[in-house]
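Architecture at a glance
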Amino acid sequence: MITLNYRDPRPIYEQLEEKLRRMILSGAIAEGEKLPSVRELAGQLAINPNTIQRAYRELEQAGFIYSVPGKGSFAGRLDQVDDARKRELMDRLVQTATELMQLGTSQQELVRVIKEVTV
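Note that the structure is predicted; figures quoted are calculated from it, not measured. Each chain has its residues counted from 1, running along the sequence as written. For this predicted model, a pLDDT threshold of at least 70 governs which residues receive local features, and a threshold of 80 or more governs which side-chain atom pairs are given and counted, while totals over whole chains, interfaces and linings are taken from all residues. Side-chain descriptors were evaluated using all non-hydrogen atoms of the structure, hydrogens and water having been removed beforehand.

Quick look at the nonpolar core
Short version of the rule: Here the nonpolar core consists of buried residues drawn from Ala, Val, Leu, Ile, Met, Phe, Trp, Tyr and Cys, with membership extended through side-chain atoms lying within 4.5 Å. The buried label goes to any residue with under 20% of its type's maximum accessible area, the exposed label to any with over 50%, and the partly exposed label to all in between, with areas taken from a 1.4 Å probe on protein chains only. Every helix listed is a DSSP run of H or I at least four residues long, and every strand listed is a run of E at least two residues long, numbered separately from the N terminus. Residue contacts are defined here by distance: any two heavy atoms, one from each residue, within 4.5 Å place the two residues in contact.
Core analysis: the biggest nonpolar cluster contains 21 residues, and Ile-2, Leu-16, Leu-20, Leu-41, Leu-45, Ile-52 and Tyr-56 have the highest contact counts within it. At the level of elements, helix H1 (12-26), helix H2 (38-45) and helix H3 (49-61) are the ones that each hand at least two residues to this core. Excluding residues within four positions of it along the chain, Tyr-56 makes contact with Leu-20, Leu-35, Pro-36, Val-38, Leu-41, Ile-65 and Ser-73.

See below:
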């Protein structure tokens with residue numbers, strides 16, 4: 001069951017994308033499982049189908065789902081999902097490290113923290 005928070009400052013498509021991503025990663029949506037159609041999910045959530053389409057497009061670009069023309073959208077293979085998740089986390093790590101450097105954190109401190117986590 002997907003619930004959206006209309007008070008959340010993030011756009012609805014981002015909330016939906018995040019919830020579907022988490023469901024795929026947790027196994028709540030199994031590998032290869034068919035996702036609801038855009039029209040069906042838009043009706044269930046009472047939101048514009050374009051919003052659903054955008055969330056699905058973002059998930060497909062990230063490798064979390066794939067589409068089969070005339071058949072629908074399906075949860076991606078776990079190895080592809082893992083690769084997509086790694087890329088996503090690496091991008092976030094780069095953004096975080098860049099921001100920390102801008103705030104005056106030294107490279108040595110960043111390396112120390114990363115080594116701490118990997119031990």
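Concerning the layout of surface pockets
Take a probe with the size of a water molecule and roll it over the atoms, and the empty space left behind shows itself. Cut-off, in case you're wondering: Each cavity reported here is a set of points on a 1 Å grid over the protein atoms alone in which a 1.4 Å probe fits but cannot get out, each pocket an open set with protein on both sides within 12 Å along at least five of seven lines, and each lining residue one with an atom within 4 Å of a point. Grid points are joined across faces, edges and corners, and a volume is the space filled by probe spheres set on the points. Polar here means any residue outside two lists: the nonpolar Ala, Val, Leu, Ile, Met, Phe, Trp, Tyr, Cys and Pro, and the charged Asp, Glu, Lys and Arg; Gly therefore counts as polar.
A volume near 210 Å³ is recorded for the largest pocket. For the lining of the largest pocket, the secondary structure elements donating two or more residues are helix H4 (78-102) and helix H5 (107-118). Of all the elements, H5 adds the most residues to the lining of the largest pocket, at five residues. Class assignment for the residues of the lining of the largest pocket results in seven nonpolar, two polar and no charged.

Some thoughts on the side chain of Gln-15
Definition in use: Here a polar contact means two N or O atoms within 3.5 Å. Within protein one must be a hydrogen donor candidate and the other an acceptor candidate, and residues neighboring in sequence count only if both atoms are side-chain atoms.
By secondary structure assignment, the location of Gln-15 is in helix H1. Residue class for Gln-15 comes out buried when judged on its relative accessible area of 1%. Among the polar contacts made by the side chain of Gln-15, one reaches the main-chain amide nitrogen of Asn-5 at a distance of 2.9 Å. With residues near it in sequence (within four places) discarded, Gln-15 still touches Leu-4, Asn-5, Asp-8 and Arg-10.

Things to note about H2
Defined as follows: For this quantity, the arc is that covered by the directions from the helix axis to the C-beta atoms.
Regarding H2, the residues found buried are Val-38, Leu-41, Ala-42 and Leu-45. All buried residues of H2 fall inside an arc of 105° around its axis, so they share one side. Opposite the buried face of H2, by more than 90 degrees, sit the exposed residues Arg-39, Gly-43 and Gln-44. Its buried side turned inward, H2 meets H1 and H3. The positive-phi residue at the C-terminal boundary of H2 is Ala-46, with phi of around 55°.

Some points on the environment of Ile-29
Here Ile-29 shows up in the loop between H1 and H2. Between the C-alpha atoms of Ile-29 and Pro-11, which are 18 residues apart in sequence, the distance is 23 Å. Those residues within four positions of Ile-29 in sequence are excluded, and the remaining contacts are Leu-20, Met-23, Ile-24, Leu-35 and Ala-75.

Quick look at the side chain of Glu-17
With respect to the helices, strands and loops of the structure, Glu-17 is situated in helix H1. Looking at Glu-17, the relative accessible area reads 12%, which means it is buried. Residues in contact with Glu-17, not counting those within four places in the same chain, are Ala-55, Glu-58 and Leu-59.

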